[in-house]
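Structural features, examined
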Amino acid sequence: PSPYWVAASFDADGNATSQKGLHTMVVSRPGADSMFDVSFPSHPDGAKYVVLHSSTEFHSLIRNQTSTSFRLYTRKSTNGQGVEGEGDVSLVVLA
């Protein structure tokens, strides 16, 4: 079995480019902002699971973490919305 609850990479439009892990991660991009809603089946640790992320963008951060989702933002070097790199993001939630 995988050590990952969910693990995926996705592009600037929110399209998954790979999926790994025990469950499927769903990514959506609400609106024009460079933010992504990430969802998955309820985690056994509730909202206190470990998230690892990387991005080709200058800044990335996670907010609004619940047992089934969180919101990820990517920002330019000036902290504005949008992308400067390719917009790719990789996420891992440990099982």
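Let me begin by describing the structure that accompanies this report. (Residues numbered from 1 in each chain as written. Predicted model: local features only at pLDDT ≥ 70, side-chain atom pairs only at ≥ 80, totals over all residues. Heavy atoms only, no water.)

This brings us to unusual backbone geometry. One non-glycine residue, Asn64, adopts positive backbone phi at about 55°. The backbone of Asn79 sits at a positive phi, close to 70°, despite the residue not being glycine.

All right, on to the pattern of salt bridges then. Counting across every chain of the model gives 2 salt bridges. Of the charged contacts, one joins Arg71 and Asp37 as a salt bridge, the two residues approaching to 2.6 Å between their closest N and O atoms. Here Asp37 lies in strand β4 (residues 35-39) and Arg71 lies in strand β7 (residues 69-75), a separation of 34 residues in the sequence. Accessibility expressed as a relative area gives 25% for Asp37, which makes it partly exposed. (Salt bridge = Lys/Arg side-chain N within 4 Å of Asp/Glu carboxyl O. Helix = DSSP H or I, 4+ residues; strand = E, 2+ residues; numbered from the N terminus. Buried < 20%, exposed > 50% of the residue type's maximum accessible area, 1.4 Å probe, protein only.)

Turning next to the sheet that holds strand β3 (residues 26-28). Strand pairing in a sheet relies on backbone hydrogen bonds. The paired strands run either parallel or antiparallel. In spatial order, the strands read β3-β4-β7-β6; together these 4 strands make up an open sheet with antiparallel pairing. Among the strands making up the open sheet, the edge pair consists of β3 and β6 (59-63). The mean angle between the axes of side-by-side strands here comes to 25°, regardless of whether they run parallel or antiparallel. The sheet contact formed by β3 and β4 spans 3 bridges and is antiparallel. Its bridge partner being in β4, Val26 is matched across the sheet by Ser39. (Pairing = 2+ DSSP bridges. Axes fitted to C-alpha atoms, helices over the stretch in contact; angles between N-to-C directions.)

With that settled, the discussion passes to the side chain of Thr74. Looking at where Thr74 falls in the secondary structure, it is placed in strand β7. A relative accessible area of 2% places Thr74 in the buried class. If we ignore the near neighbours within four places in the chain, the residues touching Thr74 are Ser34, Phe36, Ser55, Glu57, His59, Ser60, Gly82 and Val89. (Contact = heavy atoms within 4.5 Å.)

It is worth spelling out the sheet that holds strand β5 (residues 51-55) at this point. Here we have 4 strands laid out as an open sheet, ordered β2-β1-β8-β5, and antiparallel in their pairing. The open sheet has two edge strands, β2 (16-20) and β5, and neither has a second partner. Direction aside, neighbouring strands of the sheet carry axes that sit 10° apart on average. The pairing of strand β1 (residues 4-10) with β2 spans 4 bridges and is classified as antiparallel. Pairing of Phe10 across the sheet is with Ala16, part of β2.

Function cannot be inferred from these measures alone, as they are strictly geometric.
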